[in-house]
Amino acid sequence: MKRFRWDAAVGLLGLALLLVGSYLGLFEAPAERHMGDVQRIMYVHVPTAWNAMLVLTAAFIFAIASVWTGKPKWDAVMTGATEAGVVMGALLIAQGMIWARPTWGIWWDWDVRLTTTLIMVILYAGILVLRSFVEDSDRRATWSAVAVIIGYVDVPLVYFCVRWWRSLHQIQSTPETVSSAMIVPLRINSFAILFIAIWFVAQRARLELARRRAEEVAPPPRRDRRQAEETNP
Amino acid sequence: MSEMAMPEGVIAGGWSYVLSAYGITAVVFIGYAWSLLRRRAAVSDGEEPK
Amino acid sequence: MSAFGQIATLVRKDLLLEWRGRARTLSVVLFGIITLLLFSFATGPDTLALRQGAAGFLVLALLLSSTLALSEGFRVEHENHALEGLLLAPVVPGALFYGKAISNTLFLILLAPILTPVAVVLYAVEVGPGAFFGTIGLWALAAAGLSAPGTLFAAMTSRVRSQDVLLPVLLFPLVVPVLFASVKAIALTLSGDPMGQLASWTQLLVGFDVIYWVLCGVLFRFVVEEGV
């Protein structure tokens, strides 16, 4: 276990970048004209949002690869990406609520992105629950990949529905002038969270593969019994 | 959560919100990383084949 | 036998089973009525609030009843390994999916002529025949949108522990678009459509139906092929 691993290096790099980017965002970047210091939440919120979407897009691609090839490694990275997506999506909602309170005066608003993210997190969390209920590893891989594929197609549908449903709601204004002092920490944190997300996915994928190996050595008793029933009726 | 009196003005203050947003990010990232490492250790200790 | 012939045979088989198990069908209908009743208790006796929420309550009653119908549909197939028999017959997985999804849709459509009048009476909605049949038509579109992913997920969840809790957990967030579009369209049908938005919500609902029916039909093959 003492071997050098590329994902550990990527993870540590991400952590270092996150500290630098957050320092710049918190103390070096100027306060925004209308929102003041509260706007500093953006430097961590927006990168989380981008990377959550990126990770779930990766999960969709891995799911297609998993269904297509049936190889355990694709299932493992798909699980990693799905779980990281759920964790980051939940974090995203929490950050969004903290930002909404001082700017909109409320914790929750049926805003398009907020609502879509919430539904998306619940959807993908359900897929993780499905995984935990299926004992046969091949079946678990295919079923969860199928669910991930449908779920990914569903997210834009939810988005457009919520947007039309809330058509009276004003579109959030974006700052007119964005100085480079604001862009730099945003960019650094985007890469930082990307690297951290890669570490999450890689680590979770290794865990999944290790569990699969363990299952092959000692299959769960329930599966054993059913196989026995099938071989001698 | 952190304080009872909340500044009404949008422009002034708000540092408690900023810090709680960064704080929750740190807590979630560290917590999830810890959970990954712990779960991994549990599997390897149990029945690591090699 | 052609794929269409197979679908027709499977639908006939499911409807026959449904007819023979009338008591179960009746219990789903009763469940739907109870749900509608409970919504009015939860809202309170405010007629205006009830009338405004009528479309939403109706669609939620459909959604809640659908999980009962969907999980039952596949449980029957797993008893006595009937599904394996069908696949050995050989029925193509696509035909199996569309047969099952069509019979689930038909079953849910049958609830509409019973639940819609109940809702109309309970929630004091004033409807003419046009709005009444319009509601039933939109109900049918919503039922189709629920049945395709519902059939796909029921095929999975009917074979695992805790299937009763798992199916809604997977299905409900997925069908949120159908829910949005059908609630909006039914609300516009029941309470008038001054802005002329009904057509676009209906088209949206039809669009979702098409997407789900195509996508779930393609993916179903993988679900049943993985070791029945």
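Residues numbered from 1 in each chain as written. Chains lettered and ligands numbered in written order. Predicted model: local features only at pLDDT ≥ 70, side-chain atom pairs only at ≥ 80, totals over all residues. Heavy atoms only, no water.

**Observations concerning the overall build of chain B**
When helices and strands are counted, chain B shows one helix and zero strands. Among the 50 residues that make up chain B, the fraction classed as buried is 32%. Counting only carbon and sulfur atoms, one obtains 69% of the accessible surface of chain B, whose full area is about 3300 Å². (Helix = DSSP H or I, 4+ residues; strand = E, 2+ residues; numbered from the N terminus. Buried < 20%, exposed > 50% of the residue type's maximum accessible area, 1.4 Å probe, protein only. Areas by Shrake-Rupley, 256 points an atom, 1.4 Å probe, with all protein chains shown as cover.)

**Topic: the interface of chain B and chain A**
Listed by partner, the interface residues are 25 residues for chain B and 39 residues for chain A. Both sides together, the interface formed by chain B and chain A hides about 3200 Å², and carbon and sulfur atoms give 74% of it. On the chain B side of the interface with chain A, the three residues burying the most area are Tyr-22, Phe-29 and Arg-40 of chain B, jointly 24% of the side's total. The tally of links between chain B and chain A comes to one salt bridge. Glu-83 of chain A is paired through a salt bridge with Arg-39 of chain B; the nearest N and O atoms lie 2.6 Å apart. For the pair chain B and chain A, the number of links is five residue pairs in polar contact (both at pLDDT 80 or more). (Contact = heavy atoms within 4.5 Å. Buried area = accessible area lost by both parts, 1.4 Å probe. Salt bridge = Lys/Arg side-chain N within 4 Å of Asp/Glu carboxyl O. Polar contact = N/O pair within 3.5 Å; in protein donor to acceptor, adjacent residues only side chain to side chain.)

**Some words on empty space enclosed by the protein**
All names here are of chain C. Evaluated as defined, the whole model comprises one cavity of 30 Å³ or more. Reported here for the largest cavity is a volume of approximately 30 Å³. For the largest cavity, the full set of lining residues is Leu-58, Thr-116, Ala-119, Val-120, Val-125, Thr-135 and Leu-190. The leading source of residues in the lining of the largest cavity is helix α5 (residues 93-122), at three residues. Partitioned by chemical class, the residues of the lining of the largest cavity number five nonpolar, two polar and no charged. (1 Å grid on protein atoms, 1.4 Å probe; cavity = no way out; pocket = protein on both sides within 12 Å on 5 of 7 lines; lining within 4 Å. Points joined across faces, edges and corners; volume = space filled by probe spheres on them. Nonpolar A, V, L, I, M, F, W, Y, C, P; charged D, E, K, R; others polar.)

**Concerning unusual backbone geometry**
All names here are of chain C. We note that Ala-124 has phi near 50°; this positive angle belongs to a residue other than glycine. Examined against the element boundaries, Ala-124 turns out to sit in the loop between α5 and α6 (129-157). Classification of Ala-124 as partly exposed rests on a relative accessible area of 31%.

**Re the confidence of the model for chain A**
For chain A, the average pLDDT comes to 84, and 85% of its residues sit at 70 or higher. For chain A, helix α7 (residues 221-231) of chain A is the element with the lowest average pLDDT, namely 47, and helix α2 (residues 42-69) of chain A is the one with the highest, namely 94. (pLDDT = per-residue confidence, 0-100.)

**Side note on the environment of Ala-8 of chain C**
Residues and elements named next belong to chain C. With respect to the secondary-structure elements, Ala-8 resides in helix α1 (residues 3-20). In this structure Ala-8 comes out as partly exposed when scored by relative accessible area, which is 38%. Note: C-alpha distance between Ala-8 and Tyr-98 (90 residues apart in sequence) is 9.4 Å.

**Looking at the nonpolar core**
Core analysis: the largest hydrophobic core is formed by 143 residues, its most contacted members being Val-146 and Phe-200 of chain A together with Tyr-123 of chain C. Apart from residues lying up to four places away in sequence, Val-146 of chain A is in contact with Val-67 of chain A together with Leu-152, Met-156, Leu-219, Phe-222 and Val-223 of chain C. (Core = buried A, V, L, I, M, F, W, Y, C linked by side-chain atoms within 4.5 Å.)

**Looking at the interface of chain A and chain C**
Of the residues lining the interface, 30 residues belong to chain A; the matching set on chain C comes to 30 residues. Between chain A and chain C the total buried area reaches about 2900 Å² when both faces are included, carbon and sulfur atoms providing 80% of it. Interface area lost by chain A to chain C is led by Phe-133, Trp-143 and Ile-150 of chain A, which between them contribute 24%. For the pair chain A and chain C, the number of links is zero salt bridges. In this assembly, chain A and chain C are joined by two residue pairs in polar contact (both at pLDDT 80 or more). Secondary structure elements with two or more residues in the side of chain A that touches chain C: α4 (112-133) and α5 (137-165) of chain A. Of the residues forming the side of chain A that touches chain C, the biggest block, 17 residues, is contributed by α5 of chain A.

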